[in-house]
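Structural characterization, general
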Amino acid sequence: FQRDSYDVIIIGAGPAGATAAALLAQAGKSVVVIERSYFPRFSIGESLLPQCMTYLAEAGLLDDVVAQAEKFGFQYKNGAAFYRNGEHSLFDFQNKSSAGPSTTYQVKREHFDQLLAAGASAYGAEVHHGFTVTAVDFDDPNEVQVAIEKDNQQQSLKGRFLLDASGFGRVLPRLLELEYPSDFPVRQAAFCHVKTTLPGGQFDRNKILITVHPTEPELWFWLIPFADGTASLGVVGGTEYFDDDDTPGQALWRRVHEEPHLLTVLGEYEVTRPEQMITGYSANVSRLHGDRFALLGNAGEFLDPVFSSGVTIALKSSSLAVPLVLQQLNGADVDWEQAYTVPLRKGISTFRSFVKGWYDTRFQDVIFYHQQQNEIKAMICSILAGYAWDSENPYVCETERRLRVLVELCQTES
Ligand code: FAD
(Lines give C-alpha, C1' and ligand atoms only; values in the text may rest on other atoms or scores of the structure.)
Protein backbone atom coordinates (compact mmCIF):
# COMPACT_ATOMS: atom_id res chain seq x y z
CA PHE A 1 0.00 0.00 0.00
CA GLN A 2 1.42 3.36 -0.99
CA ARG A 3 -0.21 5.19 1.95
CA ASP A 4 -2.31 4.39 4.98
CA SER A 5 -4.99 6.95 4.25
CA TYR A 6 -6.90 7.35 0.96
CA ASP A 7 -9.62 9.62 -0.33
CA VAL A 8 -11.72 6.59 -1.29
CA ILE A 9 -11.56 2.90 -0.38
CA ILE A 10 -13.45 0.56 -2.71
CA ILE A 11 -14.37 -3.01 -1.75
CA GLY A 12 -14.30 -5.30 -4.82
CA ALA A 13 -12.75 -4.98 -8.28
CA GLY A 14 -15.72 -6.25 -10.30
CA PRO A 15 -17.26 -3.96 -12.95
CA ALA A 16 -18.78 -1.57 -10.39
CA GLY A 17 -15.59 -1.20 -8.34
CA ALA A 18 -13.20 -0.95 -11.29
CA THR A 19 -15.21 1.71 -13.14
CA ALA A 20 -15.66 3.75 -9.95
CA ALA A 21 -11.90 3.49 -9.30
CA ALA A 22 -11.06 4.58 -12.85
CA LEU A 23 -13.37 7.61 -12.61
CA LEU A 24 -12.07 8.68 -9.19
CA ALA A 25 -8.41 8.25 -10.13
CA GLN A 26 -8.93 10.35 -13.25
CA ALA A 27 -10.47 13.04 -11.04
CA GLY A 28 -7.16 13.12 -9.12
CA LYS A 29 -8.30 11.28 -5.99
CA SER A 30 -6.26 8.69 -4.14
CA VAL A 31 -8.16 5.42 -4.51
CA VAL A 32 -7.49 1.92 -3.24
CA VAL A 33 -9.45 -1.14 -4.36
CA ILE A 34 -9.45 -4.16 -2.04
CA GLU A 35 -10.20 -7.36 -3.95
CA ARG A 36 -10.25 -10.74 -2.23
CA SER A 37 -9.60 -12.87 -5.30
CA TYR A 38 -6.70 -12.99 -7.72
CA PHE A 39 -7.53 -12.14 -11.32
CA PRO A 40 -8.23 -13.67 -13.77
CA ARG A 41 -11.13 -15.30 -11.91
CA PHE A 42 -14.42 -16.61 -13.25
CA SER A 43 -17.62 -14.66 -12.65
CA ILE A 44 -21.11 -15.20 -13.94
CA GLY A 45 -22.75 -12.27 -15.80
CA GLU A 46 -21.38 -12.63 -19.31
CA SER A 47 -23.88 -10.94 -21.59
CA LEU A 48 -23.56 -7.16 -21.61
CA LEU A 49 -26.13 -4.62 -22.85
CA PRO A 50 -25.30 -1.77 -25.27
CA GLN A 51 -25.99 0.81 -22.55
CA CYS A 52 -22.85 -0.53 -20.78
CA MET A 53 -20.70 0.86 -23.57
CA THR A 54 -21.67 4.42 -22.61
CA TYR A 55 -20.50 3.92 -19.02
CA LEU A 56 -17.31 2.12 -20.05
CA ALA A 57 -16.51 5.03 -22.37
CA GLU A 58 -17.24 7.55 -19.63
CA ALA A 59 -14.81 5.70 -17.33
CA GLY A 60 -12.16 5.72 -20.07
CA LEU A 61 -12.18 1.91 -20.28
CA LEU A 62 -14.03 1.19 -23.51
CA ASP A 63 -11.04 1.48 -25.86
CA ASP A 64 -9.21 -1.27 -23.97
CA VAL A 65 -12.25 -3.56 -24.12
CA VAL A 66 -12.65 -3.01 -27.87
CA ALA A 67 -8.92 -3.39 -28.52
CA GLN A 68 -8.72 -6.70 -26.62
CA ALA A 69 -12.10 -8.11 -27.72
CA GLU A 70 -10.68 -10.46 -30.34
CA LYS A 71 -7.85 -11.71 -28.14
CA PHE A 72 -10.21 -12.63 -25.32
CA GLY A 73 -13.02 -14.07 -27.46
CA PHE A 74 -15.52 -11.33 -26.65
CA GLN A 75 -18.51 -11.94 -28.92
CA TYR A 76 -20.04 -9.02 -30.82
CA LYS A 77 -23.68 -8.76 -29.70
CA ASN A 78 -26.44 -6.84 -31.47
CA GLY A 79 -29.64 -8.13 -29.96
CA ALA A 80 -31.67 -10.74 -28.13
CA ALA A 81 -33.48 -13.75 -29.60
CA PHE A 82 -36.32 -15.48 -27.78
CA TYR A 83 -37.81 -18.91 -28.45
CA ARG A 84 -40.92 -20.51 -26.96
CA ASN A 85 -42.59 -23.67 -28.26
CA GLY A 86 -41.97 -23.11 -31.97
CA GLU A 87 -42.26 -19.30 -31.81
CA HIS A 88 -39.25 -17.08 -32.46
CA SER A 89 -38.95 -13.41 -31.56
CA LEU A 90 -35.99 -11.20 -32.40
CA PHE A 91 -34.99 -7.84 -30.97
CA ASP A 92 -32.32 -6.10 -33.02
CA PHE A 93 -30.88 -3.36 -30.80
CA GLN A 94 -30.39 -1.15 -33.85
CA ASN A 95 -34.16 -0.68 -33.85
CA LYS A 96 -34.27 0.74 -30.33
CA SER A 97 -35.89 4.14 -29.70
CA SER A 98 -33.18 5.55 -27.37
CA ALA A 99 -30.03 7.27 -28.58
CA GLY A 100 -26.73 5.56 -27.79
CA PRO A 101 -24.74 2.48 -28.79
CA SER A 102 -26.71 -0.43 -30.21
CA THR A 103 -24.10 -3.16 -30.00
CA THR A 104 -22.01 -4.64 -27.24
CA TYR A 105 -20.19 -7.87 -26.30
CA GLN A 106 -20.70 -11.13 -24.52
CA VAL A 107 -17.61 -11.50 -22.42
CA LYS A 108 -15.65 -14.03 -20.48
CA ARG A 109 -15.72 -12.20 -17.20
CA GLU A 110 -12.30 -13.35 -16.04
CA HIS A 111 -10.77 -11.35 -18.91
CA PHE A 112 -13.29 -8.50 -18.91
CA ASP A 113 -12.95 -7.82 -15.18
CA GLN A 114 -9.17 -8.07 -15.37
CA LEU A 115 -9.11 -5.55 -18.22
CA LEU A 116 -11.24 -3.07 -16.28
CA ALA A 117 -9.15 -3.46 -13.12
CA ALA A 118 -5.93 -3.02 -15.12
CA GLY A 119 -7.43 0.10 -16.72
CA ALA A 120 -8.25 1.54 -13.29
CA SER A 121 -4.65 0.84 -12.17
CA ALA A 122 -3.31 2.55 -15.27
CA TYR A 123 -5.24 5.68 -14.25
CA GLY A 124 -3.53 5.58 -10.84
CA ALA A 125 -5.90 3.56 -8.65
CA GLU A 126 -4.16 1.03 -6.41
CA VAL A 127 -5.75 -2.41 -6.85
CA HIS A 128 -4.72 -4.99 -4.23
CA HIS A 129 -5.65 -8.63 -4.69
CA GLY A 130 -5.89 -11.37 -2.08
CA PHE A 131 -7.16 -9.05 0.67
CA THR A 132 -10.60 -9.58 2.24
CA VAL A 133 -12.45 -6.75 3.95
CA THR A 134 -13.55 -8.10 7.33
CA ALA A 135 -14.74 -5.07 9.34
CA VAL A 136 -15.50 -1.36 9.02
CA ASP A 137 -15.50 1.36 11.65
CA PHE A 138 -17.21 4.74 11.23
CA ASP A 139 -16.61 5.99 14.81
CA ASP A 140 -14.28 8.80 13.78
CA PRO A 141 -16.52 11.45 12.14
CA ASN A 142 -13.85 12.37 9.58
CA GLU A 143 -12.80 8.99 8.26
CA VAL A 144 -13.72 5.39 7.85
CA GLN A 145 -11.43 2.61 9.00
CA VAL A 146 -11.44 -0.66 7.08
CA ALA A 147 -9.96 -3.91 8.44
CA ILE A 148 -8.47 -6.17 5.80
CA GLU A 149 -7.02 -9.66 6.03
CA LYS A 150 -4.58 -11.66 3.93
CA ASP A 151 -3.12 -15.03 4.92
CA ASN A 152 -4.44 -14.55 8.47
CA GLN A 153 -2.57 -11.23 8.75
CA GLN A 154 -4.75 -8.26 9.70
CA GLN A 155 -4.14 -4.64 8.84
CA SER A 156 -6.24 -1.54 8.54
CA LEU A 157 -6.65 1.31 6.10
CA LYS A 158 -8.21 4.72 6.47
CA GLY A 159 -10.30 6.54 3.93
CA ARG A 160 -12.55 9.57 3.69
CA PHE A 161 -15.25 7.63 1.83
CA LEU A 162 -16.06 3.94 1.37
CA LEU A 163 -17.69 2.42 -1.71
CA ASP A 164 -18.92 -1.15 -1.36
CA ALA A 165 -18.72 -2.88 -4.74
CA SER A 166 -18.39 -6.37 -3.25
CA GLY A 167 -21.22 -7.85 -5.33
CA PHE A 168 -22.51 -11.13 -3.92
CA GLY A 169 -19.94 -10.69 -1.09
CA ARG A 170 -22.41 -8.06 0.25
CA VAL A 171 -19.88 -6.69 2.72
CA LEU A 172 -21.64 -3.56 4.05
CA PRO A 173 -25.15 -5.03 3.87
CA ARG A 174 -23.89 -7.77 6.23
CA LEU A 175 -21.66 -5.65 8.49
CA LEU A 176 -24.12 -2.75 8.81
CA GLU A 177 -27.27 -4.92 8.78
CA LEU A 178 -28.71 -3.31 5.68
CA GLU A 179 -30.09 -6.54 4.16
CA TYR A 180 -33.70 -6.19 3.01
CA PRO A 181 -35.83 -8.94 1.49
CA SER A 182 -35.90 -9.08 -2.31
CA ASP A 183 -39.28 -8.96 -4.08
CA PHE A 184 -38.42 -12.19 -5.84
CA PRO A 185 -38.79 -15.79 -4.68
CA VAL A 186 -35.67 -17.94 -4.34
CA ARG A 187 -34.56 -19.02 -7.79
CA GLN A 188 -31.54 -20.93 -8.89
CA ALA A 189 -29.31 -21.16 -11.91
CA ALA A 190 -27.19 -24.07 -13.17
CA PHE A 191 -24.71 -23.30 -15.90
CA CYS A 192 -21.51 -24.27 -17.69
CA HIS A 193 -19.45 -23.46 -20.77
CA VAL A 194 -19.58 -25.70 -23.82
CA LYS A 195 -17.48 -25.92 -26.94
CA THR A 196 -19.71 -26.00 -30.00
CA THR A 197 -20.07 -24.19 -33.29
CA LEU A 198 -23.83 -23.83 -32.56
CA PRO A 199 -24.64 -25.33 -35.93
CA GLY A 200 -28.40 -25.85 -35.64
CA GLY A 201 -31.72 -24.04 -35.73
CA GLN A 202 -31.00 -20.87 -37.77
CA PHE A 203 -29.27 -19.40 -34.76
CA ASP A 204 -27.64 -15.96 -35.02
CA ARG A 205 -24.61 -16.05 -32.73
CA ASN A 206 -24.59 -12.24 -32.49
CA LYS A 207 -27.60 -12.48 -30.19
CA ILE A 208 -28.18 -14.00 -26.78
CA LEU A 209 -30.76 -16.77 -27.06
CA ILE A 210 -33.37 -16.97 -24.31
CA THR A 211 -35.49 -20.13 -24.55
CA VAL A 212 -38.62 -20.77 -22.51
CA HIS A 213 -39.04 -24.36 -21.26
CA PRO A 214 -41.76 -26.09 -23.34
CA THR A 215 -44.07 -26.96 -20.43
CA GLU A 216 -42.83 -24.86 -17.47
CA PRO A 217 -42.88 -21.23 -18.60
CA GLU A 218 -41.19 -19.99 -15.42
CA LEU A 219 -38.16 -22.03 -16.34
CA TRP A 220 -35.85 -20.67 -19.03
CA PHE A 221 -32.44 -21.19 -20.59
CA TRP A 222 -29.70 -18.80 -21.68
CA LEU A 223 -27.29 -19.48 -24.49
CA ILE A 224 -24.52 -16.90 -24.68
CA PRO A 225 -22.02 -17.50 -27.49
CA PHE A 226 -18.43 -16.29 -27.25
CA ALA A 227 -16.22 -15.62 -30.24
CA ASP A 228 -13.77 -18.44 -29.49
CA GLY A 229 -16.15 -21.29 -30.37
CA THR A 230 -17.46 -21.71 -26.84
CA ALA A 231 -20.74 -20.62 -25.29
CA SER A 232 -22.26 -20.20 -21.86
CA LEU A 233 -25.36 -22.27 -21.25
CA GLY A 234 -27.63 -21.97 -18.22
CA VAL A 235 -31.04 -22.87 -16.86
CA VAL A 236 -32.89 -20.66 -14.39
CA GLY A 237 -36.03 -21.23 -12.34
CA GLY A 238 -37.55 -21.41 -8.87
CA THR A 239 -35.99 -24.02 -6.56
CA GLU A 240 -39.19 -26.08 -6.89
CA TYR A 241 -38.13 -26.94 -10.46
CA PHE A 242 -34.97 -28.70 -9.28
CA ASP A 243 -34.42 -31.68 -6.99
CA ASP A 244 -32.68 -30.91 -3.72
CA ASP A 245 -30.04 -33.56 -4.32
CA ASP A 246 -29.40 -32.57 -7.96
CA THR A 247 -25.79 -32.03 -8.80
CA PRO A 248 -25.27 -28.89 -10.92
CA GLY A 249 -24.81 -31.17 -13.96
CA GLN A 250 -28.06 -33.03 -13.33
CA ALA A 251 -29.96 -29.78 -12.74
CA LEU A 252 -28.73 -28.35 -16.03
CA TRP A 253 -28.76 -31.27 -18.43
CA ARG A 254 -32.06 -32.87 -17.38
CA ARG A 255 -33.81 -29.62 -18.22
CA VAL A 256 -31.82 -28.93 -21.39
CA HIS A 257 -32.77 -32.39 -22.67
CA GLU A 258 -36.44 -31.43 -22.30
CA GLU A 259 -36.04 -28.62 -24.88
CA PRO A 260 -35.53 -30.06 -28.39
CA HIS A 261 -34.92 -26.72 -30.12
CA LEU A 262 -32.11 -25.82 -27.74
CA LEU A 263 -30.52 -29.22 -28.30
CA THR A 264 -30.70 -28.66 -32.06
CA VAL A 265 -29.03 -25.26 -31.76
CA LEU A 266 -26.31 -26.73 -29.52
CA GLY A 267 -25.49 -29.55 -31.90
CA GLU A 268 -22.45 -31.58 -30.89
CA TYR A 269 -20.95 -30.08 -27.76
CA GLU A 270 -18.30 -30.71 -25.17
CA VAL A 271 -18.41 -29.21 -21.66
CA THR A 272 -15.36 -26.98 -21.24
CA ARG A 273 -16.18 -25.33 -17.93
CA PRO A 274 -17.82 -27.63 -15.38
CA GLU A 275 -21.43 -27.16 -14.37
CA GLN A 276 -22.01 -24.94 -11.38
CA MET A 277 -25.08 -23.83 -9.47
CA ILE A 278 -26.07 -20.60 -7.70
CA THR A 279 -29.17 -20.38 -5.51
CA GLY A 280 -30.92 -17.38 -3.98
CA TYR A 281 -29.01 -14.60 -5.71
CA SER A 282 -31.74 -11.93 -5.68
CA ALA A 283 -30.94 -9.37 -2.99
CA ASN A 284 -31.89 -5.93 -1.75
CA VAL A 285 -30.93 -3.43 0.94
CA SER A 286 -32.83 -1.01 3.17
CA ARG A 287 -30.66 1.88 1.95
CA LEU A 288 -27.94 2.40 -0.64
CA HIS A 289 -25.94 5.02 1.25
CA GLY A 290 -25.10 6.38 4.67
CA ASP A 291 -22.64 8.72 6.30
CA ARG A 292 -19.38 8.28 4.30
CA PHE A 293 -20.45 5.20 2.36
CA ALA A 294 -22.47 4.07 -0.63
CA LEU A 295 -23.28 0.70 -2.15
CA LEU A 296 -22.61 0.03 -5.83
CA GLY A 297 -23.87 -2.68 -8.20
CA ASN A 298 -24.83 -6.03 -6.75
CA ALA A 299 -23.74 -5.04 -3.25
CA GLY A 300 -26.94 -2.99 -3.33
CA GLU A 301 -29.64 -4.73 -5.30
CA PHE A 302 -29.71 -7.69 -7.68
CA LEU A 303 -32.88 -8.66 -9.52
CA ASP A 304 -32.58 -11.61 -11.86
CA PRO A 305 -30.43 -12.75 -14.79
CA VAL A 306 -33.20 -12.87 -17.40
CA PHE A 307 -32.61 -9.53 -19.14
CA SER A 308 -28.82 -9.41 -18.51
CA SER A 309 -29.20 -6.17 -16.59
CA GLY A 310 -26.68 -6.83 -13.76
CA VAL A 311 -23.48 -5.35 -15.18
CA THR A 312 -25.39 -2.42 -16.71
CA ILE A 313 -26.91 -1.57 -13.32
CA ALA A 314 -23.47 -1.95 -11.70
CA LEU A 315 -21.89 0.49 -14.18
CA LYS A 316 -24.80 2.92 -13.91
CA SER A 317 -24.40 2.94 -10.12
CA SER A 318 -20.72 3.94 -10.41
CA SER A 319 -21.55 6.58 -12.98
CA LEU A 320 -24.11 8.15 -10.64
CA ALA A 321 -22.15 7.74 -7.39
CA VAL A 322 -18.69 9.01 -8.36
CA PRO A 323 -19.66 12.67 -9.04
CA LEU A 324 -21.44 12.69 -5.67
CA VAL A 325 -18.38 11.28 -3.88
CA LEU A 326 -16.30 14.04 -5.50
CA GLN A 327 -18.76 16.70 -4.33
CA GLN A 328 -18.73 15.30 -0.81
CA LEU A 329 -14.92 15.17 -0.72
CA ASN A 330 -15.00 18.84 -1.72
CA GLY A 331 -17.11 19.63 1.33
CA ALA A 332 -20.56 19.81 -0.28
CA ASP A 333 -23.62 18.52 1.52
CA VAL A 334 -24.88 15.79 -0.81
CA ASP A 335 -28.46 14.56 -0.84
CA TRP A 336 -27.64 10.93 -1.67
CA GLU A 337 -31.25 9.83 -1.56
CA GLN A 338 -32.36 12.27 -4.26
CA ALA A 339 -29.18 12.29 -6.30
CA TYR A 340 -28.33 8.57 -6.13
CA THR A 341 -31.01 6.21 -4.81
CA VAL A 342 -33.96 7.77 -6.63
CA PRO A 343 -32.41 7.90 -10.13
CA LEU A 344 -30.66 4.52 -9.79
CA ARG A 345 -33.82 2.82 -8.60
CA LYS A 346 -35.85 4.34 -11.46
CA GLY A 347 -34.10 2.13 -13.99
CA ILE A 348 -33.94 -0.84 -11.62
CA SER A 349 -37.69 -0.65 -11.14
CA THR A 350 -38.20 -0.64 -14.92
CA PHE A 351 -36.21 -3.87 -15.13
CA ARG A 352 -38.07 -5.19 -12.08
CA SER A 353 -41.44 -4.81 -13.84
CA PHE A 354 -40.11 -6.61 -16.90
CA VAL A 355 -38.68 -9.43 -14.74
CA LYS A 356 -41.94 -9.84 -12.79
CA GLY A 357 -43.88 -9.87 -16.05
CA TRP A 358 -41.49 -12.47 -17.46
CA TYR A 359 -42.08 -14.93 -14.61
CA ASP A 360 -45.86 -14.39 -14.45
CA THR A 361 -45.61 -14.85 -18.26
CA ARG A 362 -47.47 -11.62 -19.20
CA PHE A 363 -44.28 -10.08 -20.55
CA GLN A 364 -43.47 -13.28 -22.40
CA ASP A 365 -46.74 -12.73 -24.30
CA VAL A 366 -45.54 -9.22 -25.20
CA ILE A 367 -42.18 -10.56 -26.40
CA PHE A 368 -43.82 -13.18 -28.62
CA TYR A 369 -46.61 -10.91 -29.94
CA HIS A 370 -45.95 -10.60 -33.63
CA GLN A 371 -48.31 -7.76 -34.57
CA GLN A 372 -46.52 -5.30 -32.29
CA GLN A 373 -46.41 -1.73 -33.66
CA ASN A 374 -42.84 -0.83 -34.64
CA GLU A 375 -42.85 2.23 -32.39
CA ILE A 376 -43.78 0.19 -29.32
CA LYS A 377 -41.37 -2.59 -30.18
CA ALA A 378 -38.60 0.04 -30.44
CA MET A 379 -39.36 1.26 -26.91
CA ILE A 380 -39.33 -2.26 -25.48
CA CYS A 381 -36.15 -2.94 -27.45
CA SER A 382 -34.51 0.10 -25.83
CA ILE A 383 -35.07 -1.31 -22.37
CA LEU A 384 -33.81 -4.74 -23.45
CA ALA A 385 -30.68 -2.89 -24.69
CA GLY A 386 -30.25 -1.45 -21.18
CA TYR A 387 -31.68 2.06 -21.72
CA ALA A 388 -33.85 1.76 -18.61
CA TRP A 389 -33.04 5.31 -17.50
CA ASP A 390 -34.19 7.03 -20.72
CA SER A 391 -36.91 9.33 -19.38
CA GLU A 392 -38.19 9.93 -22.90
CA ASN A 393 -39.31 6.30 -23.12
CA PRO A 394 -42.89 5.93 -21.82
CA TYR A 395 -42.08 2.33 -20.82
CA VAL A 396 -39.43 3.76 -18.47
CA CYS A 397 -41.66 6.53 -17.07
CA GLU A 398 -44.73 4.43 -16.38
CA THR A 399 -43.55 0.87 -16.81
CA GLU A 400 -46.32 -0.95 -14.91
CA ARG A 401 -49.24 0.93 -16.44
CA ARG A 402 -47.90 0.79 -19.98
CA LEU A 403 -47.09 -2.88 -19.63
CA ARG A 404 -50.60 -3.65 -18.35
CA VAL A 405 -52.17 -1.93 -21.36
CA LEU A 406 -49.81 -3.72 -23.73
CA VAL A 407 -50.46 -7.12 -22.19
CA GLU A 408 -54.23 -6.62 -22.55
CA LEU A 409 -53.77 -5.66 -26.20
CA CYS A 410 -51.54 -8.66 -26.95
CA GLN A 411 -53.84 -11.06 -25.15
CA THR A 412 -57.05 -9.85 -26.86
CA GLU A 413 -55.55 -9.77 -30.33
CA SER A 414 -53.64 -13.05 -30.23
P1 FAD B 1 -19.13 -8.49 -8.80
O2 FAD B 1 -18.92 -8.65 -10.24
O3 FAD B 1 -19.74 -9.64 -8.05
O4 FAD B 1 -17.73 -8.11 -8.13
C5 FAD B 1 -17.58 -8.08 -6.73
C6 FAD B 1 -16.13 -8.29 -6.37
O7 FAD B 1 -15.98 -8.08 -4.95
C8 FAD B 1 -15.64 -9.71 -6.63
O9 FAD B 1 -14.49 -9.68 -7.45
C10 FAD B 1 -15.36 -10.28 -5.23
O11 FAD B 1 -14.24 -11.17 -5.23
C12 FAD B 1 -15.07 -9.02 -4.42
N13 FAD B 1 -15.36 -9.21 -2.99
C14 FAD B 1 -16.46 -9.78 -2.43
N15 FAD B 1 -16.38 -9.76 -1.09
C16 FAD B 1 -15.19 -9.16 -0.79
C17 FAD B 1 -14.53 -8.85 0.43
N18 FAD B 1 -15.07 -9.15 1.63
N19 FAD B 1 -13.33 -8.22 0.38
C20 FAD B 1 -12.76 -7.91 -0.82
N21 FAD B 1 -13.34 -8.20 -2.01
C22 FAD B 1 -14.55 -8.80 -2.00
N23 FAD B 1 -25.32 -9.66 -15.49
C24 FAD B 1 -25.24 -9.26 -16.76
O25 FAD B 1 -25.01 -8.06 -17.00
N26 FAD B 1 -25.40 -10.12 -17.80
C27 FAD B 1 -25.69 -11.44 -17.60
O28 FAD B 1 -25.81 -12.20 -18.56
C29 FAD B 1 -25.83 -11.89 -16.26
N30 FAD B 1 -26.10 -13.19 -15.99
C31 FAD B 1 -26.20 -13.59 -14.68
C32 FAD B 1 -26.54 -14.91 -14.39
C33 FAD B 1 -26.70 -15.34 -13.07
C34 FAD B 1 -27.09 -16.76 -12.76
C35 FAD B 1 -26.48 -14.41 -12.01
C36 FAD B 1 -26.65 -14.84 -10.59
C37 FAD B 1 -26.13 -13.10 -12.29
C38 FAD B 1 -25.99 -12.68 -13.61
N39 FAD B 1 -25.65 -11.36 -13.91
C40 FAD B 1 -25.61 -10.95 -15.22
C41 FAD B 1 -25.37 -10.40 -12.86
C42 FAD B 1 -23.88 -10.09 -12.72
O43 FAD B 1 -23.21 -11.28 -12.34
C44 FAD B 1 -23.67 -9.04 -11.66
O45 FAD B 1 -24.70 -8.10 -11.71
C46 FAD B 1 -22.36 -8.26 -11.80
O47 FAD B 1 -21.25 -9.12 -11.76
C48 FAD B 1 -22.28 -7.23 -10.68
O49 FAD B 1 -21.05 -6.56 -10.71
P50 FAD B 1 -20.45 -5.94 -9.36
O51 FAD B 1 -19.25 -5.20 -9.77
O52 FAD B 1 -21.52 -5.27 -8.60
O53 FAD B 1 -20.05 -7.23 -8.47
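Placed above this text is the structure.
These remarks concern the structure in this document. Computed from a predicted model, the values in this text were never measured in an experiment.

By the element assignment, Ala314 lies in helix 9 (residues 310–329). Here the alpha-carbon distance between Ala314 and Leu295, two residues 19 residues apart in the chain, equals 9.9 Å. Not counting residues within four places of it along the chain, the set of residues in contact with Ala314 comprises Ala16 and Gly297.

On to unusual backbone geometry. Here the residue pair Phe39 and Pro40 is connected by a cis peptide bond, since its omega of 0° sits within 30 degrees of zero. The backbone of Asn85 shows a phi angle near 45°, a positive value even though the residue is not glycine. Take Asn85: it is sitting in the loop between strand 4 (79–84) and strand 5 (87–92).

In a beta sheet, neighbouring strands pair by backbone hydrogen bonds and run either parallel or antiparallel. An order of 5-4-13-14-15-12-16 is seen for the seven strands of this open sheet, with the pairing classed as mixed. Pairing within the sheet leaves two strands with one partner each, and these edge strands are strand 5 and strand 16 (270–279). Sheet twist, expressed as the average angle between the axes of neighbouring strands with direction ignored, equals 15°. Across six bridges, the pairing between strand 4 and strand 13 (residues 207–212) is parallel. Looking across to strand 13, one finds that Ala81 is bridged to Leu209. Taken strand by strand, helix 12 (residues 374–384) contacts strand 4 and strand 5, and its axis lies near 75° from that of strand 5.

All right, on to the site of the ligand then. Around the ligand, 35 residues are found, and the nearest of them are Glu35, Arg41, Ile44, Ser47 and Val311. Between Arg36 and the ligand, the recorded distance is 3.1 Å, taken from a backbone N or O atom to a nitrogen atom. At 2.8 Å, a side-chain N or O of Arg41 approaches an oxygen atom of the ligand. Counting only elements with at least two residues in the shell around the ligand, the list comes to helix 1 (15–26), strand 2 (31–35), strand 8 (132–137), helix 8 (297–300) and helix 9. Of all the elements, helix 9 adds the most residues to the shell around the ligand, at three residues.

Between two packed helices, both the angle of their axes relative to each other and the distance between the axes serve to describe the pair. At a minimum axis separation of 8 Å, helix 1 and helix 4 (residues 109–122) run at an interaxial angle of 20°. The angle between helix 1 and helix 4 falls in the class roughly parallel. With respect to the hand of their crossing, helix 1 and helix 4 are arranged in left-handed fashion. Between helix 1 and helix 4, the residues in contact are Pro15, Ala18, Ala21 and Ala22 and Arg109, Phe112, Asp113, Leu116, Ala117 and Ala120, respectively. Of the residues belonging to the contact of helix 1 with helix 4, the class tally is eight nonpolar, no polar and two charged.

Turning our eyes to something else, we now look at helix 12. Of all eleven residues that make up helix 12, eight are buried, and the element is covered over most of its length. Three or more residues of helix 12 are buried, namely Ile376, Ala378, Met379, Ile380, Cys381, Ser382, Ile383 and Leu384. Against strand 4, strand 5, helix 10 (336–359), helix 11 (362–367), helix 13 (394–397) and helix 14 (399–413) lie the buried residues of helix 12. Once helix 12 finishes, Gly386 follows within two positions and takes phi at roughly 100°, a positive value.

A few words on the environment of Ile208. Mapped onto the elements of the fold, Ile208 is located in strand 13. On the basis of relative accessibility, which here comes to 4%, the residue Ile208 falls in the buried class. Note: C-alpha distance between Ile208 and Gln106 (102 residues apart in sequence) is 8.3 Å. If sequence neighbours within four positions are ignored, Ile208 has contacts with Ser47, Lys77, Gly79, Ala80, Ala81, Gln106, Leu223, Ile224 and Ser308.

Thresholds, definitions, all that
Residues numbered from 1 in each chain as written. Predicted model: local features only at pLDDT ≥ 70, side-chain atom pairs only at ≥ 80, totals over all residues. Heavy atoms only, no water. Helix = DSSP H or I, 4+ residues; strand = E, 2+ residues; numbered from the N terminus. Contact = heavy atoms within 4.5 Å. Pairing = 2+ DSSP bridges. Axes fitted to C-alpha atoms, helices over the stretch in contact; angles between N-to-C directions. Near = heavy atom within 4 Å. Polar contact = N/O pair within 3.5 Å; in protein donor to acceptor, adjacent residues only side chain to side chain. Parallel < 35°, antiparallel > 145°, perpendicular 65-115°, else oblique. Left-handed = near helix turned anticlockwise from the far one by under 90°. Nonpolar A, V, L, I, M, F, W, Y, C, P; charged D, E, K, R; others polar. Buried < 20%, exposed > 50% of the residue type's maximum accessible area, 1.4 Å probe, protein only.

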